[in-house]
Amino acid sequence: MTGAWIRFAAAAACMILGLVFMISAVFGVNRFRHALNRMHAAALGDTLGILFVILSLIIMRGFSMDSLKLSIVIVFFWIASPVSGHMISRLEAMTDEQLGEISVLEKNNGIRVTMEDAPSKLKEVPDKKRKKGGKGR
């Protein structure tokens, strides 16, 4: 009797944790401006959310053939999600013209620098760990 309650509590905790990850992914998708940032938030939330929700179903069902099938579903999602995310991000990188622009902070002022202008506009940062006249470390 107490084993059933412990299993129910563990399954409920996993289910709530999975739902928290999925809801936080929704907020992350709506918060970020750029498509790649949105996609990153959605991929992490979906991957962890699906893991914990299906894990809770495995715990609730007990270890049987059904739990084996659910674990195969987890493996499939963990293989398919990064591949599809990578393909979508490559498409975004090839089609977005403003993706080559980065923001660089220089003396607390935000300066917009394109990747082509970066070597000429950025200063080289000296290595402070190196001793003058020494061999380095």
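Residues numbered from 1 in each chain as written. Predicted model: local features only at pLDDT ≥ 70, side-chain atom pairs only at ≥ 80, totals over all residues. Heavy atoms only, no water.

Another point: the side chain of serine 67. Here serine 67 shows up in helix α3 (residues 65-95). We classify serine 67 as buried; its relative accessible area is 7%. Here serine 64 takes part through its backbone oxygen, which lies 2.6 Å from a polar atom of the side chain of serine 67. (Helix = DSSP H or I, 4+ residues; strand = E, 2+ residues; numbered from the N terminus. Buried < 20%, exposed > 50% of the residue type's maximum accessible area, 1.4 Å probe, protein only. Polar contact = N/O pair within 3.5 Å; in protein donor to acceptor, adjacent residues only side chain to side chain.)

Per the stated rule, a full pass over the model turns up 3 aromatic pairs. Centre to centre, the rings of tryptophan 5 and phenylalanine 8 are 6.1 Å apart; their planes meet at 90°, and the pair counts as edge-to-face. Highlighted residues: tryptophan 5 and phenylalanine 8, both in helix α1 (residues 2-31), separated by 3 residues, approximately one helical turn. Accessibility expressed as a relative area gives 55% for tryptophan 5, which makes it exposed. Plain terms: the ring middles of phenylalanine 21 and phenylalanine 52 are 5.8 Å apart, the flat faces sit at 10° to each other, and that makes the pair stacked. Of this pair, phenylalanine 21 sits in helix α1 while phenylalanine 52 sits in helix α2 (residues 35-61), and the two are 31 residues apart along the sequence. Taking relative accessible area as the criterion, phenylalanine 52 reaches 18% and is therefore assigned buried. (Phe/Tyr/Trp six-rings, centres within 6.5 Å; stacked < 30°, edge-to-face > 60°.)

One pass over the full model with this rule turns up 1 salt bridge. Of the charged contacts, one joins aspartate 66 and arginine 61 as a salt bridge, the two residues approaching to 2.7 Å between their closest N and O atoms. Residue aspartate 66 is classed as partly exposed on the basis of its relative accessible area, which comes to 30%. (Salt bridge = Lys/Arg side-chain N within 4 Å of Asp/Glu carboxyl O.)

Attention shifts here to the packing of α1 against α2. Orientation of α1 relative to α2, taken along the N-to-C sense of each, is 165°, at an axis distance of 8 Å. Viewed along their axes, α1 and α2 adopt a mutual orientation that is roughly antiparallel. Remark: the crossing between α1 and α2 carries left-handed chirality. Across the contact of α1 with α2, the residue classes break down as 20 nonpolar, 5 polar and 2 charged. (Axes fitted to C-alpha atoms, helices over the stretch in contact; angles between N-to-C directions. Parallel < 35°, antiparallel > 145°, perpendicular 65-115°, else oblique. Left-handed = near helix turned anticlockwise from the far one by under 90°. Nonpolar A, V, L, I, M, F, W, Y, C, P; charged D, E, K, R; others polar.)

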